[in-house]
Amino acid sequence: MMAGTAGGMHLWAIATASVVAAACALVGTLLVVRRQSLLGDAIGHAVLPGIALAVLAGARPGGVAVFGAAVACALVTVGLVQVLRAVAGLAEDAGAGVVFTSLFAAGVVIVTLGASRIDLDASCVLYGILEMVPFDTVPVGGVEVPRGFVSSAAVLAALVAVAVPTWKLQVFSAFDPDGARAAGVPVAAVTTGLLAATAVATVAGFEVVGAVLVVALLVVPAAAAELLVHRLHRVALLAVAFAVGGAIVGYLLAYRWNTSAGGVIAVVLVAQYVVAALLAPEDGCVAQVAGRVRFAWRVAREDRLAAVWRAMEQRGTPAGPRSALEHLAGWWLRVRGRIVGAASLSAAGRREAEMVVRSHRLWEAWLGRHADLPLDHLHPPAEWVEHHLGEAARRRIEAELEHGRGDPHGREIPPEA
Amino acid sequence: MTDSATPSATGDRPVPLVEFHDVTVAYGRRPVLWNVDLVIDAPCLFGIIGPNGAGKSTLLKAALGLVPLVGGTVRFAGVPLARARHTIGYVPQRESVDWDFPVSAFDVVLMGTYGRLGWFRRPGPAERASARDSLARVGLADVADRQIGRLSGGQQQRVFLARALAQEAAIYLLDEPMAGVDARSQEQIFDVLASLRASGRLVVVVHHDLRTAAEWFDRVALIDMRLVAAGPTATVLTPDNLRRTYSGQVELLREVGLAVAERGRTS
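Residues numbered from 1 in each chain as written. Chains lettered and ligands numbered in written order. Predicted model: local features only at pLDDT ≥ 70, side-chain atom pairs only at ≥ 80, totals over all residues. Heavy atoms only, no water.

## Some remarks on the interface of chain B and chain A
Listed by partner, the interface residues are 33 residues for chain B and 26 residues for chain A. Between chain B and chain A, the buried area comes to about 2600 Å², and carbon and sulfur atoms account for 62% of it. For the interface between chain B and chain A, the tally reads 6 salt bridges. With a closest N to O distance of 2.5 Å, Arg150 of chain B and Glu282 of chain A form a salt bridge. Between the two partners, chain B and chain A, sit 13 residue pairs in polar contact (both at pLDDT 80 or more). Elements that contribute at least two residues to the side of chain B that touches chain A include exactly α4 (105-110), α5 (114-117) and α7 (153-166) of chain B. Looking at side-chain class alone, the side of chain B that touches chain A contains 18 nonpolar, 5 polar and 10 charged residues. (Contact = heavy atoms within 4.5 Å. Buried area = accessible area lost by both parts, 1.4 Å probe. Salt bridge = Lys/Arg side-chain N within 4 Å of Asp/Glu carboxyl O. Polar contact = N/O pair within 3.5 Å; in protein donor to acceptor, adjacent residues only side chain to side chain. Helix = DSSP H or I, 4+ residues; strand = E, 2+ residues; numbered from the N terminus. Nonpolar A, V, L, I, M, F, W, Y, C, P; charged D, E, K, R; others polar.)

Shown next as structure tokens:
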């Protein structure tokens, strides 16, 4: 039976995708912060034989038995990885690679062999059948509701119901397992719970985006959120928001372009990640580039002012700019009135220049005293340290230097402004 | 803790705060700590000193049940770990933690209250207040909301100390709290530890720096795969004991340990 009109069908598909995305992002956040993202991938694949066998044995797709079989498969996967490590000395990532591909392959074989008898085909497992979700409904309180929505909403409700009271245990176990164990937290049980939750969320994700792209729902929104906020509950909430937003936008775009909803949803999630990586306020690419440019510009301005100041001190002509940026800085300082005429400074320009020269000469004096370096070794380090010394550090160095106001070259160190 | 006040059955001596009895610890099959007998009677600042790989951290982890005992027992005020857990505050080594993890300094300190909350209760106003007080005690109230990885090494260590304070424990076990920490943070950490001692707590510290050990600790244990000596700092840190701890006399213990691990025989 179909769920209402064409518009209504789309709404049901979007609602289902959103609920699944939220469930996956919630679980995925915990995997990502534990640096175990690929475990989601492994479990996502390894549950297939469980699902296939359960369905072959007569379980209804999306039913409780299927979820149970998937959880069992997930735990078997993790158990086998541990066994491989203990018995064969296989590293955990390689072990996971061996186990989940074997189980997935077994699942594919079972699905293909049983294709005539079960309502499950390989391509829908791989790519999902979000578009078909509204066609399979069950009556809920007199309304025809897609079966996929009912099961995934139940999954989300169960995950939230478990996550809220046990969140603190997840945080503690993930951040500091030794400390958590010492405080009496049942770390092994907490981890097993997370693996079971991953299996359940993954099975819910199968229908929407398929076994391969469910990893995108688990990992990508959490990875994007982690770039932007720095407390776990905020990461989780933002990841859920990203995932739901990605599901809605992805579905609409897929409808518009008449292509696979699962594929476009994953593309939208990745696009969100790219934007987050570019624009993250502290660690984003744009912020980092901007920081470097700002610094280079400050260095160029300070170098130019110091060059003019030194020329004034020695009654000579200033050394020429050493880079195009410094050239530009010289022009800008003239426009702003800091540099006046050929080699003269305004009062403000003079103060700024004096602090650079002061930092430079203090550093030379300090190095000369503490590092026992020959005179010609003092200038190069001072050339870059001069841009990094603050007022407090300058005063500290000055207090430490006993002899007069001169630097090792015998030149005067300007006083603090 | 009624147990701590009860005289032991064997005499009128009070039950020791911590008692290692014939403790042997192995990683896998390889023993790394042999037959340790160590009794700490009264609250004090207690240092566990020894060279790298001597099993100092292992001793703490064994006491906390983080590594299994091959033999022997550990009792806290006369009761086993399972009944004493809530009375013990633990500060793990810095390396055991992922510093990029999305938690704030405050979140980390709040973890100290989780033990007494049980598995399902969420931290409330009382726990938050306790976490804020603990952060203030280590002088970090102003960086409470900072992500833990954005603090300096010394500040991170103080956050962990604050977490142990929030636990309101009777016994504190700290694993190398002074490692990778600037001099000012060291002083601050030491001041907090001294104030814990002053309020009647036992503070056990794994420490590698002999120079500061002599001035900081009331009592010490010298360890190198086995207990070399334990007691008041002045009587234990003798040239003879130090030579026995640091001169690598344990080569035989290492060889036997490897032989046990490989089911073989020493040469």
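## Some points on the side chain of Ser104 of chain B
Its place among the elements puts Ser104 of chain B in the loop between β6 (88-91) and α4. Residue contacts for Ser104 of chain B: discarding those within four places in its chain leaves His230 and Arg231 of chain A together with Ala144, Asp145, Arg146, Gln147 and Ile148 of chain B.

## Thoughts on the domain arrangement of chain A
Domain parsing of chain A yields domain 1 (6-216) and domain 2 (287-400). Domain 1 of chain A and domain 2 of chain A are separated by 60 Å when their C-alpha centres are compared. (Domains from an automatic or database assignment.)

## Considerations on helix α5 (residues 92-113) of chain A
Residues and elements named next belong to chain A. The terminal C-alpha atoms of α5, which comprises 22 residues, lie 31 Å apart, in line with the 32 Å expected from a rise of 1.5 Å per residue. Turning to α5, its buried residues number three or more, namely Gly95, Ala96, Val99, Phe100, Leu103, Phe104, Gly107, Ile110 and Val111. All buried residues of α5 lie within an arc of 145 degrees about the axis, which places them on one face of the element. For α5, the exposed residues set more than 90 degrees away from the buried face come down to Thr112 and Leu113. (Expected span 1.5 Å × (residues − 1). Buried < 20%, exposed > 50% of the residue type's maximum accessible area, 1.4 Å probe, protein only. Arc of directions from axis to C-beta.)

## Notes on the sheet that holds strand β1 (residues 18-27) of chain B
Residues and elements named next belong to chain B. Pairing is antiparallel across the open sheet formed by 4 strands, whose spatial order is β2-β1-β4-β5. Of all the strands in the sheet, just β2 (30-40) and β5 (79-80) have a single pairing partner and so form its edges. Examined bridge by bridge, β1 and strand β4 (residues 69-76) share 6 bridges and lie antiparallel to one another. Its bridge partner being in β4, Val25 is matched across the sheet by Leu69. (Pairing = 2+ DSSP bridges.)

## Points about the sheet that holds strand β10 (residues 227-232) of chain B
Residues and elements named next belong to chain B. Pairing is mixed across the open sheet formed by 6 strands, whose spatial order is β6-β7-β8-β3-β9-β10. Two strands close off the open sheet at either side, each with one partner strand: β6 and β10. Averaged over all pairs of adjacent strands, the angle between strand axes in this sheet comes to 15 degrees, irrespective of strand direction. Here strand β7 (residues 171-175) pairs with strand β8 (residues 202-207) via 5 bridges, running parallel. Paired with Leu174 across the two strands is Val205, which belongs to β8. α7 rests against β6 and β7 of the sheet, and its axis sits at about 170 degrees to β6. (Axes fitted to C-alpha atoms, helices over the stretch in contact; angles between N-to-C directions.)

## Here's the deal with the pairing of β1 of chain B
Looking at chain direction, β1 of chain B and β2 of chain B are connected through 7 bridges and run antiparallel. Among the inter-strand pairings, Val25 of chain B is bridged to a residue of β2 of chain B, identified as Leu33 of chain B.

## Some remarks on helix α4 (residues 64-88) of chain A
Residue and element names in this part refer to chain A. For α4, with 25 residues, the first-to-last C-alpha span of 35 Å sits near the 36 Å given by 1.5 Å per residue. Val66, Phe67, Ala69, Ala70, Val71, Cys73, Ala74, Thr77, Val78 and Val81 are the residues of α4 that are buried. One or two positions beyond α4, positive phi appears at Gly89, with a value near 65 degrees.

## Some words on a nonpolar patch on the surface
All names here are of chain A. Side chains of Val270, Tyr273, Val274, Val275, Leu278, Leu279 and Val286 sit close together on the surface and give an oily, nonpolar patch of about 580 Å² of accessible area. Looking at the nonpolar patch element by element, the count peaks at 6 residues for helix α11 (residues 261-279). For Leu279, the location among the structural elements is in helix α11. The exposure class assigned to Leu279 is exposed, which follows from its relative accessible area of 56%. (Patch = residues over 30% accessible without salt bridge, like charges linked within 9 Å, V, L, I, M, F, W, Y side chains within 5 Å. Areas by Shrake-Rupley, 256 points an atom, 1.4 Å probe, with all protein chains shown as cover.)

## Topic: the pattern of salt bridges
Residues and elements named next belong to chain A. Applying the stated criterion across every chain, the model contains 26 salt bridges over all chains. A salt bridge links Glu383 to Arg322; the nearest nitrogen and oxygen atoms lie 3.2 Å apart. A residue pair is termed long-range when its members are at least 10 positions apart, and Glu383 in helix α15 (residues 379-385) and Arg322 in the loop between α12 (285-313) and α13 (324-335) qualify at 61 residues. Assessed through its relative accessible area of 19%, Glu383 is described here as buried. Here Arg322 falls in the exposed class, since its relative accessible area comes to 58%. Glu398 is paired through a salt bridge with Arg358; the nearest N and O atoms lie 3.1 Å apart. A residue pair is termed long-range when its members are at least 10 positions apart, and Glu398 in helix α16 (residues 391-400) and Arg358 in helix α14 (residues 347-370) qualify at 40 residues. Several salt bridges share partner residues, and in doing so they unite Asp303, Arg304, Arg322, Glu326 and Glu383 into one network.

## With respect to the confidence of the model for chain B
Put simply, chain B has an average pLDDT of 87, and 93% of its residues get 70 or more. Within chain B, helix α1 (residues 2-5) of chain B has the poorest average pLDDT of any element, 41, and α4 of chain B the best, 96. (pLDDT = per-residue confidence, 0-100.)

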